[in-house]
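# Architecture and fold: a report
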Amino acid sequence: PAPTAGRLTRLRDRLARSGSPLGARMLQVLSRDHLTEDDWDELEETLLLADVGAGPSQDLVDAIRTQARVQGLKDPAQVRALLREQLLALVDPTLDRSLHTAPRSGEDGVTVPAVVLVVGVNGTGKTTTVGKLSRVLVADGRTVLLGAADTFRAAAADQLETWGSRVGVRTVRSDRDGADPASVAFEAVREGAAEGVDVVLVDTAGRLQNKAGLMDELGKITRVITRTAPLSEVLLVLDATTGQNGMNQARVFAEVAGVTGIVLTKLDGTAKGGIVVAVQRELGVPVKLVGLGEGPDDLAPFDPEEFVDGILG
């Protein structure tokens, strides 16, 4: 989905309103006349508390320290410009954050839907994200089919079906709880291909059981889906407020699911926006979408410049 001015402005406003201390505290430290070792340590601690992560925090402090010394910066506007430049480099505006949701040609030359698999731990807003994404895609002129492959959480299919009905999108689901998730996913993709829809969005169970079990389940879902159509995206939904615990979850899913992009939910409610940097550095994949609230339109493309400006206030 293409960014819109309204959604991007909302990203900046929500971040600013969340009271993120990161930008304010960093600017406060950098504005001091003579920066001591304690000041540089405070700067690094501020970054760590914002969940930027140890490696990126050290890199940022080193870069600012070098530039500040070379340029002899004292003017607050220059300090802010340097901080913005370095934070932006850390978030990395060069990453491809586009969502690949265009139908593709299958092996026999027949057009097949783009298949987007959505994974993540229960409680992160995964099913809600699938619903909101379907709304964005429909508004973008795409035809969509939903697959309720989270068959372990009793209300998951009902929740997804409710989202789908709001935007006129059908949901493929099982009649019974505990059905084989892979068979539901396969049926959704098969029906999507038969109907000629543009995108099939597949919601999956968010149980973070032992890694072997998760690998088996997601591996089976992937195998059966790709008999009909290749996976276009595997989106990992993370709760921005969980910090480093969220990072541990992310590593497990990234290892077993071939994640292509991150969706960060509840970004408006956290002062720890540094998780964006940490998760990208750790997983090597970009944050593509952010959740900015509970409303149906509160899913926005992630824009690095708006994000950094929101942090700096």
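Note that the structure is a prediction, hence the values are computed from the model and not measured. (Residues numbered from 1 in each chain as written. Predicted model: local features only at pLDDT ≥ 70, side-chain atom pairs only at ≥ 80, totals over all residues. Heavy atoms only, no water.)

### What to know about the overall build of the protein chain
Tallying secondary structure elements over the protein chain gives 12 helices and 10 strands in all. A buried classification covers 52% of the 313 residues belonging to the protein chain. Contacts in the protein chain between residues at least 24 apart in sequence constitute 76% of all its contacts with a sequence separation of at least 6. For the protein chain, the accessible surface area stands at approximately 13200 Å², while carbon and sulfur atoms represent 49% of it. (Helix = DSSP H or I, 4+ residues; strand = E, 2+ residues; numbered from the N terminus. Buried < 20%, exposed > 50% of the residue type's maximum accessible area, 1.4 Å probe, protein only. Contact = heavy atoms within 4.5 Å. Areas by Shrake-Rupley, 256 points an atom, 1.4 Å probe, with all protein chains shown as cover.)

### Section: unusual backbone geometry
Notably, Asp92 is not glycine yet its phi reads approximately 70°, a positive angle. Looking at where Asp92 falls in the secondary structure, it is placed in the loop between α5 (76-91) and β1 (104-105).

### Things to note about the environment of Gln78
Positionally, Gln78 belongs in helix α5. Taking C-alpha positions, Gln78 is 9.5 Å from Ala68, a pair spaced 10 residues apart along the chain.

### Here we look at the side chain of Gln86
Mapped onto the fold, Gln86 is located in helix α5. Under the relative-accessibility criterion, Gln86 is labelled buried at 14%.

### Regarding the nonpolar core
Membership of the largest hydrophobic core comes to 72 residues, with the highest contact counts inside it found for Leu236, Ile262 and Leu264. Looking at this core element by element, the count peaks at 7 residues for α5. Core analysis: the second largest hydrophobic core is formed by 19 residues, Leu133, Ala148, Val169 and Val237 among them. (Core = buried A, V, L, I, M, F, W, Y, C linked by side-chain atoms within 4.5 Å.)

### Observations regarding the sheet that holds strand β6 (residues 199-204)
Pairing is mixed across the open sheet formed by 8 strands, whose spatial order is β5-β4-β6-β3-β7-β8-β9-β10. Two strands bound the open sheet, and with one partner strand each, they are β5 (170-172) and β10 (299-301). Within the sheet, the average angular offset between the axes of one strand and its neighbour, ignoring direction, is 25°. With 6 bridges connecting them, strand β4 (residues 144-149) and β6 associate as parallel partners. In the strand pairing of β6, Gly147 is matched with Val202. Sheet strands touched by helix α8 (residues 181-195): β3 (114-119), β4, β5 and β6. Its angle to β4, the strand with the most contacts, is close to 170°. Strand contacts of helix α9 (residues 211-225): β3, β6 and β7 (231-239), with the helix running at about 175° to β3, the strand carrying the most contacts. (Pairing = 2+ DSSP bridges. Axes fitted to C-alpha atoms, helices over the stretch in contact; angles between N-to-C directions.)

### Digging into α9
Here α9 spans 21 Å end to end across 15 residues, near enough to the 21 Å set by a 1.5 Å rise per residue. Buried within α9 are the following residues: Leu214, Glu217, Leu218, Gly219, Ile221, Val224 and Ile225. In the core, the buried residues of α9 are packed alongside β3, α8, β6, β7 and α10 (243-257). (Expected span 1.5 Å × (residues − 1).)

### Comments concerning the packing of aromatic side chains
Per the stated rule, a full pass over the model turns up 1 aromatic pair. When the centroid spacing of 5.2 Å and the interplanar angle of 55° are considered together, the rings of Phe302 and Phe307 count as tilted. Overall, Phe302 belongs to the buried group, its relative accessible area being 5%. Here Arg166 stacks its cationic end above the ring of Trp163, 4.6 Å away from the centre of that ring. (Phe/Tyr/Trp six-rings, centres within 6.5 Å; stacked < 30°, edge-to-face > 60°. Lys NZ or Arg CZ within 6 Å of the ring centre and 35° of its normal.)

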